[in-house]
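# Coordinate analysis (summary)
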There are 2 protein chains.
Amino acid sequence: MRISFIGAGNLATRLGIALKTAGHEFVQVYSRTEASAQTLADLLGAEAVIRPEALHSDASLYICALKDDALPEVLKKVDVGNGILVHTAGSLSLEVLKSFAAKTGVFYPLQTFSKEREVDFSTIPVFVESSNKVVLYILKQLAVDLGSEVYEITSEQRLKLHLSAVFACNFVNYLYTISSDLLAEQNLPFEVLKSMIRETAAKVQNRSPDQVQTGPAVRFDRKVMEKHSALLVKHPAWKALYKELSQGIHQRSKSSQQ
Amino acid sequence: MRISFIGAGNLATRLGIALKTAGHEFVQVYSRTEASAQTLADLLGAEAVIRPEALHSDASLYICALKDDALPEVLKKVDVGNGILVHTAGSLSLEVLKSFAAKTGVFYPLQTFSKEREVDFSTIPVFVESSNKVVLYILKQLAVDLGSEVYEITSEQRLKLHLSAVFACNFVNYLYTISSDLLAEQNLPFEVLKSMIRETAAKVQNRSPDQVQTGPAVRFDRKVMEKHSALLVKHPAWKALYKELSQGIHQRSKSSQQ
């Protein structure tokens, strides 16, 4: 397909590279930041543009990967002609595209993307949505081109999927930052936790997270929890988190034993 | 060395197997649960005992891997003779062993252990402590036998290390359970998150967690956060967690930008 990108962030970069590798052709890349537009355009062999109005209307697919807030502002200035317009957002409905194109859809690859980190799309599930059967078929084919598992879901399902990803990825990473700070307070390198971090993620690949829960909270080892809590006296927000997460684990294990 | 195990849980099982593979000899395995004692004793070619008094005093090393609360109760019934007594707990001081043996130490491998899951000790850091130089040397050598990286740390450091592991492992796994439930509410399998869970753990192997934080909270995408929050109305505890974790991420990213 002849594709133009609207947005040149982490997701656009990784998805663009994967689609190019799969043989697709790129027309233009829009970003309001010239350096970002140019970098991705160079990678994809496309033209960089920094004004939405400069996007030609003859691409067959426009992939919009903007911050949710920026999307309407930009799209109202874009003429997609007869092309298909999709967004890649977890938390935006299909509906939001209605006033900007006749053929619309959603193409949501579920992964945490970084510009500089390669990802293997064959391990990434893609969630598609469209009210147009032809568009739906095309989006599914696009996912197949990437080697991805493809799921057709509604906007409502996608929003909750996105929320679950925030817990399993963004919040998990935040817990890593807390660990890292606690180690630094004892002059220990973050290095020492890496094996356990890998193992914690590896364990849930074959078993449910409920089955592999370990630690003082699931054993309800009150003495240990009290010692830990006392260590967090200088970090009231983390102390509160410690209490709530421990209670959550304990209550869950109690109710699963009943 | 001639080793006896006091305790036959997850850690004892994996550490025992690794030490046997490294060529060490096992004398006895104590657990108050006969089946546990027998299973591990069989794996290690040792004798199973279910009374602490039945442990012979001629082993050269006694590795105590009991729940923190159970430790004093059991150890006061054990005669370790001239042997070295170590515990494997993150949150117990070296001190707690003082009244049970002349030569004491701590041997703390940092990992989340399951009885049925093989682990590679060469990737696991081991934290040792002893006030006796000979004991310290022996414990370091034991870690080297396992191929582990070895660190000498104090009880105070170890307690905070353990706390950081609770955040990076036990609490992380609990967030996985929440994600899993949220997906189930939309009839989506936990499967779809697995690639992202692996990637989230993989990203912090080479970069600091602060550098790789993504998601609506770090972008401070208020609209998305409001939608997510609204989805959690039936789960007040998770809604509170969502708010606190998002605020934590946002504040951290603000202060690192200053």
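Refer to the structure printed above.
Everything numeric here is computed off the predicted structure, so don't read it as measured data.

Cut-offs and rules
- Residues numbered from 1 in each chain as written.
- Chains lettered and ligands numbered in written order.
- Predicted model: local features only at pLDDT ≥ 70, side-chain atom pairs only at ≥ 80, totals over all residues.
- Heavy atoms only, no water.
- Salt bridge = Lys/Arg side-chain N within 4 Å of Asp/Glu carboxyl O.
- Helix = DSSP H or I, 4+ residues; strand = E, 2+ residues; numbered from the N terminus.
- Buried < 20%, exposed > 50% of the residue type's maximum accessible area, 1.4 Å probe, protein only.
- Contact = heavy atoms within 4.5 Å.
- Polar contact = N/O pair within 3.5 Å; in protein donor to acceptor, adjacent residues only side chain to side chain.
- Nonpolar A, V, L, I, M, F, W, Y, C, P; charged D, E, K, R; others polar.
- Least-squares fit on C-alpha atoms with pLDDT ≥ 70 in both.
- Arc of directions from axis to C-beta.
- Pairing = 2+ DSSP bridges.
- Axes fitted to C-alpha atoms, helices over the stretch in contact; angles between N-to-C directions.

### Considering the pattern of salt bridges
Think of it this way: side chains of opposite charge can pair up when their charged atoms draw near. What the rule picks out here adds up to 26 salt bridges over all chains. Here A:Asp181 and B:Arg252 are joined by a salt bridge, their closest N and O atoms 3.0 Å apart. Residue A:Asp181 is located in helix H5 (residues 155–185), and its partner B:Arg252 is located in helix H9 (residues 236–257); the two belong to separate chains. The class for A:Asp181 is partly exposed, based on a relative accessible area of 24%. Residue B:Arg252 is classed as buried on the basis of its relative accessible area, which comes to 17%. It is possible to trace a salt-bridge network through shared partners that takes in A:Arg2, A:Glu25 and A:Asp58.

### Concerning the environment of A:Ser122
Inspection of the secondary structure puts A:Ser122 in the loop between strand E6 (103–109) and strand E7 (126–129). For the pair A:Ser122 and A:Asp68, spaced 54 residues apart in sequence, the C-alpha to C-alpha distance is 26 Å.

### Observations regarding the interface of chain A and chain B
Counting from both sides, the interface comprises 90 residues of chain A and, opposite them, 90 residues of chain B. Our count for the contact surface shared by chain A and chain B stands at six salt bridges. Counting the contacts that link chain A with chain B gives 40 residue pairs in polar contact (both at pLDDT 80 or more). Secondary-structure elements contributing two or more residues to the side of chain A that touches chain B are H5, helix H6 (194–203), helix H7 (216–219), helix H8 (222–231) and helix H9 (236–257) of chain A. Looking at which element gives the most residues to the side of chain A that touches chain B, the answer is H5(A), with 28 residues. Partitioned by chemical class, the residues of the side of chain A that touches chain B number 45 nonpolar, 24 polar and 21 charged.

### Considerations on the relation of the copies chain A and chain B
Both copies of the chain are related by one operation, a rotation about an axis with a shift along it. Under the fitted operation, chain A is carried onto chain B by 0.0 Å of movement along the axis and a turn of 180°, and the coordinates agree to an RMSD of 0.0 Å. The superposition of one copy onto the other is thereby described by a two-fold rotation axis. Minimal C-alpha separation from the rotation axis in chain A is found for A:Val172, amounting to 2.7 Å. By residue overlap, the copies meet face to face through one surface: 100% of the interface positions of chain A are interface positions in chain B.

### Quick look at H8(A)
Residue and element names in this part refer to chain A. Taken residue by residue, H8 has Val-224, Met-225, His-228 and Ser-229 as its buried positions. Looking straight down H8, one finds that the buried residues subtend no more than 135° of arc, so they occupy a single side. Exposed residues pointing more than 90 degrees away from the buried face of H8 are listed as Arg-222, Lys-223, Glu-226 and Ala-230.

### A short note on unusual backbone geometry
When glycine is set aside, most residues are seen to have a negative phi, and most peptide bonds are trans. Residue and element names in this part refer to chain B. Positive phi outside glycine occurs at Asn-187, with the angle close to 55°. Positionally, Asn-187 belongs in the loop between helix H5 (155–185) and helix H6 (194–203). By relative accessible area, which is 71% here, Asn-187 ends up exposed. For Phe-220, which is not a glycine, the phi torsion comes out positive at approximately 50°. Assignment of secondary structure puts Phe-220 in the loop between helix H7 (216–219) and helix H8 (222–231). Take Phe-220: its relative accessible area is 34%, and that puts it in the partly exposed class.

### Here's the deal with the sheet that holds strand E8 (residues 150–152) of chain A
All names here are of chain A. Spatially, the eight strands line up as an open sheet ordered E3-E2-E1-E4-E5-E6-E7-E8, and their pairing is mixed. Either end of the sheet is taken by a strand with one partner, and the two such strands are strand E3 (47–49) and E8. Each strand axis lies, on average, 25° off the axis of its neighbour in the sheet, ignoring direction. As paired strands, strand E5 (residues 84–87) and E6 are joined by four bridges and run parallel to one another. Bridge assignment links His-87 to a residue of E6, and that residue is Val-106. Packing against the sheet, helix H1 (residues 10–21) makes contact with strand E1 (2–6), strand E2 (25–30), strand E4 (61–64) and E6, and its axis sits at approximately 170° to E1.

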